Amino acid sequence: MALRAALRNKCGFSGMSGVVTQLFSCSSSSHGRVYAPPIVIAQRRNSSTSPKIKVDLDQSTGVAVMHMQNPPVNSLSLDFLTEFCINLEKLEMDKSCRGLIITSSVPKVFSAGLDIMEMYGTTPERCGEFWKAVQEMWLKLYSSNMVTIAAINGFSPAGGCLISLTCDYRIMADNPRYSIGLNETQLGIVAPFWFKDTMVNTVGHRTTEMSLELGLLYNPSEALKIGLVDHLVPEEQVLTTATQTMTKWLAIPDHARQITKSMMRKPTADKLTSNREADIQNFVSFITKDSIQKSLRVYLEMLRKRKG
Amino acid sequence: MALRAALRNKCGFSGMSGVVTQLFSCSSSSHGRVYAPPIVIAQRRNSSTSPKIKVDLDQSTGVAVMHMQNPPVNSLSLDFLTEFCINLEKLEMDKSCRGLIITSSVPKVFSAGLDIMEMYGTTPERCGEFWKAVQEMWLKLYSSNMVTIAAINGFSPAGGCLISLTCDYRIMADNPRYSIGLNETQLGIVAPFWFKDTMVNTVGHRTTEMSLELGLLYNPSEALKIGLVDHLVPEEQVLTTATQTMTKWLAIPDHARQITKSMMRKPTADKLTSNREADIQNFVSFITKDSIQKSLRVYLEMLRKRKG
Amino acid sequence: MALRAALRNKCGFSGMSGVVTQLFSCSSSSHGRVYAPPIVIAQRRNSSTSPKIKVDLDQSTGVAVMHMQNPPVNSLSLDFLTEFCINLEKLEMDKSCRGLIITSSVPKVFSAGLDIMEMYGTTPERCGEFWKAVQEMWLKLYSSNMVTIAAINGFSPAGGCLISLTCDYRIMADNPRYSIGLNETQLGIVAPFWFKDTMVNTVGHRTTEMSLELGLLYNPSEALKIGLVDHLVPEEQVLTTATQTMTKWLAIPDHARQITKSMMRKPTADKLTSNREADIQNFVSFITKDSIQKSLRVYLEMLRKRKG
């Protein structure tokens, strides 16, 4: 039912915009449904060294909150992913930290996913380096010994959805203008096998098959219905609910929870670990194809016109 | 709940009939539920060369509609399957064809499944040839590059259910007298592993386990509830809805959808591809057992009496 | 939703008690929810030879009812498991027996799971012997040629839940004070991979992941919602409903049902069969750790105080 609703409500490509100010203007939707591309162009290439991620660790509770602050849409660039991984590794090694909440400081968007500028018109080397960082982020987060909770306080397509799925629990703002999903095919690109595995482990084979083939985005209540998120709350309660939920997870002895988590997730993580190089080659050769570069260019031009 | 309802409503073996005029006369059902055998006897062995399948390809949309027209119940004989595969292959190679809708021209029945006459009293050679054709049909359809939609406008047990499950999307007529399911065990025969895999990929392990062990048939609303079909519409809208749904699927770039479909389905298809000969041997040695031939004979005699 | 409800309602460790008279006194629950430890201390080590299991086989129907009668809480000791397996094997070899219903003669409890006294302060040898018996019970029951139905007429945590999941069908008393689940992590221990596989095959990957990591117990309606049980009835109808359901399962030809069951379950059973020794070593080395023994001691002392 939710699948059908998502299919029915899906906005067309023509109504999209990747800039955050226009994220919610899909005029063709009769349900106020939102569509935006899985990958977006950053408004400017920012070479500043200001951190793209802010981490607050509460020593009394052992819970860290990681705020993604990479405007306009928290796009996952190589720089962002590198900073993400460094922070994750620090927290993982800090014995005082047992839980991690991931959220966004950017209004209306959790993360719009992979940065298109890392894939368009770059060298194969740079492209491969970028993909390796995407892998690294997923591997570290999916296998984390910490309890990880996604506090999804905005739009969350493609890579933003992947970060959410990779956590242990997902709380989403109950705002019908937000949506979440692995919508890569809408852009003519393809979610790799480990995105797929992560989604299958969450919502099952059939829902994943249809979601990925159609690049479906779900509004919060549809997402809850199919199990893509676990809990909806009003937007202003997302972070406090995440904190309360964390307390319940941390009531379980760490060692027992960690062994159990590893039993559930290690086979899936191992599939990528033992195929990283081939997966990188596969991505690079796909994304550097003339036809794919051409669709990315068309798409970028459309975004630039909308911003103009 | 749907499982339990299906279990409760299931008609006994004694109330069945394989002829289409009696398909809906299961007197022991208090819910108007329908039961019919997974495999049925053709009313006559038809050696005519008139086509059992009619294909209409709309060049403007790139969508073909395949009408199964093998009265009385679209049973899947070797001739029928051969014709099915030839048509499928032609469309697959036709670059102008991107989508395929499969439906029935026979009133009240989509397909009653494998033709019992291909399994009863034949030679092991013929039996093996038949099974190879069933495999071929499934392999071609499950791996098709086209978008495939089943427009299920009638009763759809056993092999009829398999064809439906093998498509990308299932739209069923919302007529409570119709039913769908892999009900092989009701007849004392067994769905092979690739029927099972196809169902597990659609409705999950537990629902499949119970459905196959009990040979359950589901009415349309039960089938929707467990995810065996995706969409119910009034009978006269089945084909138009299929056409509208196809438009949405075809909005996705073919190459991205096809790569994604292959990622979801290839492991399952490969399991049969690398075990075809063993699977044939297994089927032939099972079906030619004296005890199985005897149950088929008892069953055929019952059908003949009912027709008399 | 059911997951969230279970999480919300879960009682804390402090409100638990393992003795049957106090099983339902979890004062911190606002929903009358029940919590009890996955493994309980037997009130006395019973060296009597009185049977812990009573079996009634109805020759006219071919259905056996196995009553667990090992007060106070049907804990699964080595003696109990040995007797369970002997009975199971006898019935399996008895051609007149086609179906098995498992239920409890102890009021309010189906089975409280593995006996903690088999894991605390014993020798590695005894501990390994115990674990081998747990494996044997599961292997025999999961692969049984009989139709197996759990008539869950009471509290059913941990090992009690495992027995239920291992059957073909689960009917539970609709008493909100009862609960069911694999709650091992609550005690700091871990469900092994084959407990996990059995649950994944029943309720899917995601529900299992969250249930096991949090050690969730579900009340009957939550359990029905996630598919952990198949059917709820008033407590006094559990056994009669099991008998009626058995009749429907036995209407299917045995050989077809058995081949189908084996197709669904053999890969899961084979995983343990080919790893039994490693699984025993793994259990023994985990459970004999100082830290684990210490948590078991703390837990036992708490139980003893509550009984005092």
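No experiment lies behind these values; they were computed from the predicted model shown.

Draft legend 1. Summary view of the environment of Gly128 of chain A. Residues and elements named next belong to chain A. Looking at the secondary structure, you find Gly128 in helix H3 (residues 124–142). The class for Gly128 is buried, based on a relative accessible area of 12%. For the pair Gly128 and Ile280, spaced 152 residues apart in the sequence, the C-alpha separation amounts to 5.9 Å.

Draft legend 2. Expanded view of the interface of chain B and chain A. Counting from both sides, the interface comprises 22 residues of chain B and, opposite them, 25 residues of chain A. Summed over both sides, the interface of chain B with chain A buries roughly 2100 Å², with 64% coming from carbon and sulfur. Inspection of the region where chain B meets chain A yields two salt bridges. Arg265 of chain B is the partner of Glu209 of chain A in a salt bridge, and the nearest nitrogen-oxygen pair spans 2.8 Å. At the junction of chain B with chain A, the criterion picks out seven residue pairs in polar contact (both at pLDDT 80 or more). Sorting the residues of the side of chain B that touches chain A by element identifies strand S8 (169–173), helix H5 (193–203), helix H8 (238–250) and helix H9 (254–273) of chain B as the ones contributing at least two each. In terms of residue count, the dominant contributor to the side of chain B that touches chain A is H9 of chain B (nine residues). Across the side of chain B that touches chain A, the residue classes break down as nine nonpolar, six polar and seven charged.

Draft legend 3. Broad picture of the sheet that holds strand S1 (residues 53–58) of chain B. Residue and element names in this part refer to chain B. Taken in spatial order, the six strands make up an open sheet running S1-S2-S4-S6-S8-S10, and their pairing is mixed. Every interior strand has two partners, whereas the edge strands, S1 and strand S10 (231–233), have only one. On average, each strand axis in the sheet is inclined to that of its neighbour by 20°, with strand direction left out of account. The sheet contact formed by strand S2 (residues 63–68) and strand S4 (residues 99–104) spans six bridges and is parallel. The residue of S4 that forms the bridge with Val65 is Ile101.

Draft legend 4. Representation of the interface of chain C and chain A. Facing the 25 residues of chain C at the interface are 22 residues of chain A. Buried area between chain C and chain A, summed over both chains or domains, comes out near 2100 Å², and the portion from carbon and sulfur atoms is 65%. Taken together, chain C and chain A are joined by two salt bridges. Arg206 of chain C is paired through a salt bridge with Asp230 of chain A; the nearest N and O atoms lie 2.9 Å apart. Taken together, chain C and chain A are joined by seven residue pairs in polar contact (both at pLDDT 80 or more). Elements represented by at least two residues in the side of chain C that touches chain A include exactly helix H1 (2–9), helix H5 (193–203) and helix H6 (205–214) of chain C. Ranked by residue count, the leading element in the side of chain C that touches chain A is H6 of chain C, at eight residues. Tallied by class, the residues present in the side of chain C that touches chain A amount to 13 nonpolar, five polar and seven charged.

About the cut-offs
Residues numbered from 1 in each chain as written. Chains lettered and ligands numbered in written order. Predicted model: local features only at pLDDT ≥ 70, side-chain atom pairs only at ≥ 80, totals over all residues. Heavy atoms only, no water. Helix = DSSP H or I, 4+ residues; strand = E, 2+ residues; numbered from the N terminus. Buried < 20%, exposed > 50% of the residue type's maximum accessible area, 1.4 Å probe, protein only. Contact = heavy atoms within 4.5 Å. Buried area = accessible area lost by both parts, 1.4 Å probe. Salt bridge = Lys/Arg side-chain N within 4 Å of Asp/Glu carboxyl O. Polar contact = N/O pair within 3.5 Å; in protein donor to acceptor, adjacent residues only side chain to side chain. Nonpolar A, V, L, I, M, F, W, Y, C, P; charged D, E, K, R; others polar. Pairing = 2+ DSSP bridges. Axes fitted to C-alpha atoms, helices over the stretch in contact; angles between N-to-C directions.

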